[in-house]
Amino acid sequence: MATFLQDVRYSLRVLMRNRSFSLVAVLSLALGIGANTSMFSVVSAVLLRPLPFPEPHRLITAKLTFPKPDGGVEAIRVWSYPKFREVKANLRAFESLSGFVDHQFALSGAGIPERIAGEAVSADYFRTLGVKASLGRVFVPEEDRTPGTHPVVLLGHGLWQRRFGADPDIIGRTVLVERLPLTVIGILPPGFRGLTGTGEMWTPLAMLPALSGMPRRLEMAQAHWLNVVGRLSRSATLEQASSEVRSAADSARASFPNPKGWGIEVQRLHDASVDPVLRRLLLVLLGAVACVLLIACANIANLTLARGAARKHEVALRLAVGAGRWRLVRQLLTESLVIGVLGGVCGLFIALWGVDMLASFKPGDSFALGGRPIEIPALNAVRLDGAVLGFNFTLALAAVMVFGLAPAIRASRVSLVTSLKHGGAPRLWRMGPGALLVAGEVALALVLVTGAGLMLNSMARLLRTPIGFEPQNVLSFRVSLPLDLKEPAARAFQDALLQRAAALPGVEAAETSSSSPLARFHDISLLSVPGRGEERIEVGIHTVSPGLFGLLRIPVLRGRGFTAQDSPGAPWVALLSRTTARKLFGASDPVGRTISLAMWDERLKSVQVIGVAGDVQYGNVQDSLDPQVYLCSRQLYTPFGLFFVRAKGSPDALASALRREVAGLDRNLPVFDVVTMEQRYSAAMARTRFTTVLLGCFAVLALALAAVGIYGVIAYNVSRRGREVGIRMALGAGRGGVLRMVLKESLWVTWAGIAAGSVGSLALTRFLSSQLYEVRPNDPLTFASTAVVLTGVALAATWIPARRAARVDPMAALRYE
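On a predicted model such as this, the values are computed, not experimentally measured, just so you know.

A. A look at the overall build of the protein chain. Per the secondary structure count, the protein chain includes 24 helices and 22 strands. Scored against the burial criterion, the 817 residues of the protein chain give a buried share of 52%. Look at the contacts in the protein chain between residues 6 or more apart in sequence, and 82% of them connect residues 24 or more apart. With an accessible surface of roughly 36100 Å², the protein chain has 59% of that area assigned to carbon and sulfur atoms.

B. Looking closely at helix α5 (residues 157-164). Within α5 the residues assigned to the buried category are His157, Leu159, Trp160, Arg163 and Phe164. All buried residues of α5 lie within an arc of 165 degrees about the axis, which places them on one face of the element. Of the residues flanking the end of α5, it is Gly165, one or two places downstream, whose phi is positive at about 60 degrees.

C. Summary view of the environment of Gln617. One can find Gln617 in the loop between β19 (607-613) and β20 (628-632). Exposure remark for Gln617: the relative accessible area of 5% places this residue in the buried category. The spacing of Gln617 and Ser516 is 101 residues in sequence and 9.6 Å in space, taken between C-alpha atoms. Sequence-distant contacts of Gln617, that is, excluding residues within four places in its chain, are made with Ile467, Pro517, Leu518, Asp623, Ser624 and Leu625.

D. Representation of the environment of Leu232. Secondary-structure assignment places Leu232 in strand β10 (residues 227-232). Other than its neighbours up to four places away in sequence, Leu232 contacts Arg58, Ile60, Ala93, Phe94, Glu95, Thr237, Leu238, Ala241 and Arg268.

E. Summary view of the pairing of strand β14 (residues 523-528). For β14 and strand β15 (residues 536-544), the ladder comprises 6 bridges, and the chain directions are antiparallel. Paired with Leu527 across the bridge in β15 is Ile537. Alignment of β14 against strand β18 (residues 594-597), held across 2 bridges, turns out to be antiparallel. What sits directly across from Ser528, in β18, is Ser596.

F. Looking closely at the side chain of Arg478. By the secondary structure assignment, Arg478 is in strand β12 (residues 474-479). Relative accessible area serves as the criterion here: at 18%, Arg478 is assigned to the buried category. In this structure the side chain of Arg478 is engaged in a polar contact, spanning 3.4 Å, whose partner is the side chain of Asp673.

G. Inspection of the packing of aromatic side chains at higher detail. Following the criterion strictly, the structure yields 13 aromatic pairs and no others. Look at Trp79 and Phe84: their rings are 6.4 Å apart centre to centre, the planes differ by 80 degrees, and that puts the pair in the edge-to-face class. Pair check on accessibility: Trp79 and Phe84 agree, each one buried. Taken together, the aromatic side chains of Phe53, Phe100, Tyr125, Phe126, Phe139, Phe192 and Trp202 make up a single cluster linked through ring pairs.

H. Layout of a nonpolar patch on the surface. A grouping of Val341, Val345, Phe349 and Leu352 is seen on the molecular surface, where their side chains present a nonpolar patch of about 350 Å² in accessible area. By the secondary structure assignment, Leu352 is in helix α11 (residues 325-361).

I. Quick peek at the pattern of salt bridges. In total, this model carries 21 salt bridges according to the counting rule given. Note that Arg58 is salt-bridged to Glu55, the shortest N-O span being 2.7 Å. For Arg58, a relative accessible area of 6% puts it in the buried group. In this structure, Glu200 and Arg162 form a salt bridge, with 3.0 Å as the shortest nitrogen-oxygen distance. Placement of Glu200 in the loop between β8 (180-187) and β9 (201-204) and of Arg162 in helix α5 is noted, with a sequence separation of 38 residues between them. The class of Glu200 is buried, set by a relative accessible area of 14%. Judged by its relative accessible area of 45%, Arg162 falls in the partly exposed class. Connected through salt bridges with shared partners, the residues Glu55, Arg58, Glu95 and Arg234 form a single ionic network.

J. Seen up close, the nonpolar core. Counting residues in each nonpolar core, the largest one holds 55 residues, and the members touching the most others are Met39, Leu282, Leu285, Leu448 and Phe698. By residue number, the principal contributor to this core is helix α20 (residues 686-720), which donates 12 residues. Not counting residues within four places of it along the chain, the set of residues in contact with Leu282 comprises Met39, Val42, Val43, Val46 and Leu47. Membership of the second largest hydrophobic core comes to 32 residues, among which are Ala93, Leu205, Trp225 and Ala249.

K. Helix α15 (residues 487-503), seen in detail. With 17 residues, α15 should cover 24 Å at 1.5 Å per step; its first-to-last C-alpha distance of 24 Å lies within 8% of that length. For α15, every residue scored as buried is listed here: Ala490, Arg491, Phe493, Gln494, Leu497, Leu498 and Ala501. Each buried residue of α15 sits inside an arc of 160 degrees when the element is viewed along its axis, so together they form one side. Opposite the buried face of α15, by more than 90 degrees, sit the exposed residues Pro488, Gln499 and Ala503. Looking at the buried residues of α15, the elements they touch are β12, β13 (507-513), β21 (642-647) and α18 (654-665).

L. Region of interest: unusual backbone geometry. Of note in this structure, Ala166 is not a glycine but carries a positive phi near 55 degrees. For Ala166, the position within the fold is in the loop between α5 and β7 (174-177). Of the residues examined, Ala166 reaches a relative accessible area of 28% and is grouped as partly exposed. The phi angle at Asn473 is positive, at roughly 65 degrees, despite the residue not being glycine.

M. Local environment of the environment of Phe562. Following the sequence through the fold, Phe562 ends up in the loop between β16 (556-559) and β17 (573-577). Judged by its relative accessible area of 6%, Phe562 is buried. Taking C-alpha positions, Phe562 is 8.9 Å from Phe549, a pair spaced 13 residues apart along the chain. Those residues in contact with Phe562, other than ones at most four positions away along the chain, are Val544, Pro546, Phe549, Val573, Ala574, Leu575, Ile610, Tyr630, Leu631 and Cys632.

N. The arrangement of the side chain of Ser38 in detail. Inspection of the secondary structure assignment puts Ser38 in helix α2 (residues 19-48). On the basis of relative accessible area, Ser38 is assigned to the buried category, the value being 5%. Reaching out from Ser38, the side chain makes a polar contact with the backbone oxygen of Ala351 at a distance of 3.2 Å. Apart from residues lying up to four places away in sequence, Ser38 is in contact with Ile350, Ala351, Gly354, Val355 and Leu358.

O. Focus on the confidence of the model for the protein chain. Averaged over every residue, the pLDDT of the protein chain is 79; residues scoring 70 or more account for 80%. Within the model, the stretch residues 363-377 combines pLDDT values under 50 with 39 contacts to residues more than four positions away or in other chains. Note on residues 422-431: pLDDT under 50 across the span, and 20 contacts to partners over four residues away in sequence or across chains.

Cut-offs and rules
- Residues numbered from 1 in each chain as written.
- Predicted model: local features only at pLDDT ≥ 70, side-chain atom pairs only at ≥ 80, totals over all residues.
- Heavy atoms only, no water.
- Helix = DSSP H or I, 4+ residues; strand = E, 2+ residues; numbered from the N terminus.
- Buried < 20%, exposed > 50% of the residue type's maximum accessible area, 1.4 Å probe, protein only.
- Contact = heavy atoms within 4.5 Å.
- Areas by Shrake-Rupley, 256 points an atom, 1.4 Å probe, with all protein chains shown as cover.
- Arc of directions from axis to C-beta.
- Pairing = 2+ DSSP bridges.
- Polar contact = N/O pair within 3.5 Å; in protein donor to acceptor, adjacent residues only side chain to side chain.
- Phe/Tyr/Trp six-rings, centres within 6.5 Å; stacked < 30°, edge-to-face > 60°.
- Patch = residues over 30% accessible without salt bridge, like charges linked within 9 Å, V, L, I, M, F, W, Y side chains within 5 Å.
- Salt bridge = Lys/Arg side-chain N within 4 Å of Asp/Glu carboxyl O.
- Core = buried A, V, L, I, M, F, W, Y, C linked by side-chain atoms within 4.5 Å.
- Expected span 1.5 Å × (residues − 1).
- pLDDT = per-residue confidence, 0-100.

In structure tokens, the structure reads:
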């Protein structure tokens, strides 16, 4: 131990005497370690960490499957309640099987009314997850049998503290949810937010018809909205469960026939809780940041090789006075160990900053692909823990020991006679280990720069993609209308709120709609044209007030928009989006034609088309445009309560004023989902922005580290070849020739790295293809541009040592000759 401490003290003195080497080595390692630790924290939390429930490997989820025309299978996560009930009755491989659905509850009464995210669940939901109430109890089977008979509710720990002051006497009291009195029977433990990741309130599924305003919701066999989670019995395997649910599906198909047929697919809950796109993206980013670490380690190896060559005289002297080779190797490895510890400590601070930066992107919502996602865990919940810290330091020490071992052994094998002489014959430059390492750095940097270039190109195209409306200065918000409010009173409330909002200072217009652009959620119906037989297409349905097209600046391309004359007593009318008009009528003018919509109101069986509106993106920006149909809210009432306000300036200051206007009409109505349309547009771009920014950061790091590596190798070669350059200049070589010679050697190394990196780039871009928009993974312009950028970086890094070589004084260089 005493000898080791002596080696550590000597290593610190050596590093202090070589501050430039120490700073570059520690900073390179810190950047590589910090970036890797940040990404590993995310990957560990999202992909590796088990779900926070007892025996999570026994938790499964089940999806419905439907055959596709091409012979494949389409799986959807949600079930209808009657199918769930019948299939559950025929299963034996499960300890329990439960259903749940996310729901927004209006909580009123004492205090400011709120819209609370929650879940409606079957009675054995908490037994399935292994969750018990921290106060009171959870649901019992009797409370989930007969719809509307057991008005009970469970509160999340955070809601209990925030809204009710953590009052333990809340058990047994009633709270107003959707203006219905529900009895609080329990408080759930801290940190539990349900499988949707956002829940703060839970009710039995049997109460959902009363709380959602849809009395027949539990009876509709073809309405798919219910998520299913189960716990396998201890003796059952996933294969046995899959076989059993397939048999149960075969039995249930007689009761619930479907022209396409249907089946059931079972999957581990942990596997289903992560979107496959997110999984692939995180693995790509982890591979990218590993490239940064490899480049940093190659830099350290290069620097160590250069220092080893510079310290040959010192090493030879120590060998001459009796030092053993193993003793020298141990000393040099101790120096690498000290660099690793310092780099790991600095990398820890970079990792802490990196995790906060990753959490700030909050891309979770943009990864929802159909249905309601299971949100475990969210990126903003990622934290550094003991395992990640251990990973951080293990990575640091392993990196420096592996990459410092070869230079240490090489430095200990010096020739005493050659190293103790100040002279020696000049040796022409050849491709040594340093140059090979630099070529590897360039190859890795090219992979990252190419990926970042493709994502930047994709991002630029997305930003230029029209979304069909102008989001600037527009604020949207929702008002939770009472479920028992009749249509005339609801219409009167909407009209009064629109008048009040439009009269506010700074407001240009106020309108209402059943859905919002870029929000991805809206009604869907089947549309047919009378006289065309059975031909039908699926369209999105949007019920809007007459002035919404003007507020959002959606152009009406043909015909007219809605007016006050489009009343319930007038003929029912609709506008088609341009995509819908082209799909149905081609180049023909659809104005005046009749369409039929398969919806709950019989009057929609015959609707006249009065105009064609521009296409609006209701999904993610990169999604293809789906057919849309607009109906007039004066004819078809919808109780969604979504309002839009266009401000004359920034709309952010309007939120509090709008809340006051709602409270002036009814103080028990919560206002929620207050967001500007620019924020919604930013959220729709979150996935692409997340990938682009991270790959861009890693690419910049890789370029900087590669430039340092090229500079280090070329500078070392120039200093080693001083006598050779002196001889060349003494024999008539000009400064320009020397400059070109050094630059040429750098270019050969760089081009070798570019050639190798191009192969790796082709492999990486295959994994990025799902993230690209209107950009080919092998885009030749991007590949050529990145090669030019890397060549430019290499020339810039070579310029200083090249100029130094060109300024060598032949007499000074040959003095020892």
